[in-house]
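These are the residues of each chain, in order.
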Amino acid sequence: MIRLLTIIGARPQIIKAAAISRAIHTHFAGEIEEAILHTGQHYDTNMSAVFFEELGIPQPEYNLHVGSGSHGQQTARIIEGVEQVLQEAQTKDKPFDGMIVYGDTNSTLAASIAAVKIHIPVFHIEAGLRSFNMTMPEEVNRIVCDQLSSILFTPTITGLSNLQNEGFAENGIKSRVRFSGQREQYVVQSGDVMYDNSLYFSQMADEKSDIIERLGLTCRNFILATIHRPANTDNSENLQSIFRALLDIADAEQIDVILPLHPRTRKMLQTQLSAELLMRIDKTPKLKIIEPASFFEIIRLEKNARVVMTDSGGVQKEAFFFQTPCVILRPETEWVEIVDAGAGIIADADYQRIMDAYNALSGKTVAFPPLFGDGHASEKILEEILKYL
Ligand code: UD1
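Residues numbered from 1 in each chain as written. Predicted model: local features only at pLDDT ≥ 70, side-chain atom pairs only at ≥ 80, totals over all residues. Heavy atoms only, no water.

**So, the side chain of Asp 196**
The test is simple: Put simply, DSSP H or I for four residues or longer makes a helix, DSSP E for two residues or longer makes a strand, and each gets a number counted from the N terminus. Under the scheme applied here, a residue whose accessible area is under 20% of the maximum for its type counts as buried, over 50% as exposed, and between as partly exposed, the area being computed with a 1.4 Å probe on protein chains only. A residue counts as positive if it is Lys or Arg and as negative if it is Asp or Glu; His and the chain ends are not included. Salt bridges are defined by distance alone: a side-chain nitrogen of Lys or Arg within 4 Å of a carboxyl oxygen of Asp or Glu.
Structurally, Asp 196 is set in helix 7 (residues 193-208). Buried within the structure, Asp 196 lacks any salt-bridge partner; Arg 22 is the closest side chain of opposite charge, at an N-O distance of 5.7 Å.

**Quick notes on the site of the ligand**
Rules: Here a residue counts as near a molecule or strand whenever at least one of its heavy atoms sits within 4 Å of it. Pairs of N or O atoms within 3.5 Å make up the polar contacts considered here, provided that, within protein, one atom can donate a hydrogen while the other can accept it, and that residues adjacent in sequence are counted only when both atoms are side-chain atoms. Surface accessibility in these figures is a Shrake-Rupley result with a 1.4 Å probe; residues are shielded only by whichever protein chains are displayed. Classes in brief: Ala, Val, Leu, Ile, Met, Phe, Trp, Tyr, Cys and Pro nonpolar; Asp, Glu, Lys and Arg charged; the others, Gly included, polar.
Around the ligand, 20 residues are found, and the nearest of them are Gln 41, His 42, Glu 138, Arg 264 and Lys 267. Interatomic distance of 2.9 Å between a backbone N/O atom of Tyr 43 and an oxygen atom of the ligand. In this structure, His 262 approaches the ligand through a side-chain N or O atom, which is 2.9 Å from an oxygen atom. In isolation the ligand has 750 Å² of accessible area, and contact with the protein removes 89% of it. The set of elements that each furnish at least two residues to the shell around the ligand consists of helix 3 (71-91) and helix 11 (263-272). The leading source of residues in the shell around the ligand is helix 11, at three residues. In terms of residue class, the shell around the ligand is built from five nonpolar, nine polar and six charged.

**Observations concerning helix 17 (residues 377-388)**
Defined as follows: By this rule the span expected of a helix is its residue count minus one, scaled by 1.5 Å.
The first and last C-alpha atoms of helix 17 sit 17 Å apart over 12 residues, in line with the 16 Å expected at 1.5 Å per residue. For helix 17, the full list of buried residues reads Ala 377, Ser 378, Glu 379, Ile 381, Leu 382, Glu 384, Ile 385 and Tyr 388.

**Side note on the pattern of salt bridges**
Summed over the entire model, instances satisfying the criterion amount to 23 salt bridges. The shortest N-O distance in the salt bridge between Glu 126 and Lys 317 comes to 3.0 Å. Residue Glu 126 is found in the loop between strand 5 (122-125) and helix 5 (137-148), and its partner Lys 317 is found in helix 14 (residues 313-321); the two are separated by 191 residues along the sequence. Exposure class is identical for Glu 126 and Lys 317. Each is buried. With a closest N to O distance of 3.0 Å, Lys 288 and Asp 256 form a salt bridge. Of this pair, Lys 288 sits in strand 10 (residues 287-290) while Asp 256 is found in strand 9 (residues 256-260), placing the two residues 32 residues apart along the sequence. The partly exposed category is assigned to Lys 288, whose relative accessible area is 25%.

This is the structure:
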């Protein structure tokens, strides 16, 4: 029996982990045993606990409760905590054979550093994505984590070619000698575990969430917006431009704009927005600010929105899975395929570009080619891990 430790910490990782846990229980129960470690990077109920209940993920065996802090603090606390868990497992004669990490958060980076130092192979899911913007903490996290990983599971062809450009090889071709010369490091284009999830949970979300009815929305007649990136929340000019655009669209089109608000953004509103904008938000009932949504709620909103406007990578992709066009509130995206297909437009936090992008996508017919695998990325990933170990 192979023992894997799965690291989660931030909201999207809990969601991604659901796909792998489900595949372990359905297809590999006799071969793989999984333990989950929650770093505690996200801790509010609606940023964490709600997803475990909804997605049926086993409760974490370990929780480091690291909470919020500067990048250095958060990363350091996680390295220390993960190292301790791995070492204790070794001394108790139940060592972990490998570690699964997701995406590009501080939890991903820190856990990978802890594992490689004690020679536990790291399997990185969502490897190879690049924004080529080193001012993003996530870009730093993902580049370092890719360097440390044994198998780099990339969801897309772009991820594969980014990694090949950095000197990694595909599918078991030995590219670098690892761990006292015995291990290899290579890339597998696996497809996207989030696509697995979207297929699996889509119908369940329709049955279990009444958010469309509760908010009085009509199908394809509202906008879903999410904003949480520091480049937007911590920059007054950017945040004001985004809110001005959302308010102007709500007013001009008389369309509902639903904004489930990340706690970071909520904290920043009072300090970053002008008094005039804060008053407009209060006086515009069409702009509906709600608490962070659960996974079923966000799926239903993404499926039924006319347009999604977001600075989140995950929400961009899910909008695409559900054939909803997307205005990208960032200067670039890791999901370039979506833009190439014409289903997403990069508008950054620029008022005029946001307005133009919305007008270009709203109510238009847009193509959504299959770019993210076949819905079986999780099984493929687990088979590769078994082969490797
Ligand atoms: C993190 C990831 C980001 C990912 C996002 C998903 C990093 C560097 N960033 O960003 O890549 O897209 O998760 O949501 O790891 N807060 C709360 N309650 C919580 C969690 C956060 O109030 O449960 C507030 C705190 O003020 C905290 C701030 O949000 O300081 C930011 O949280 P943090 O975990 O540092 O990063 P995210 O912005 O959530």
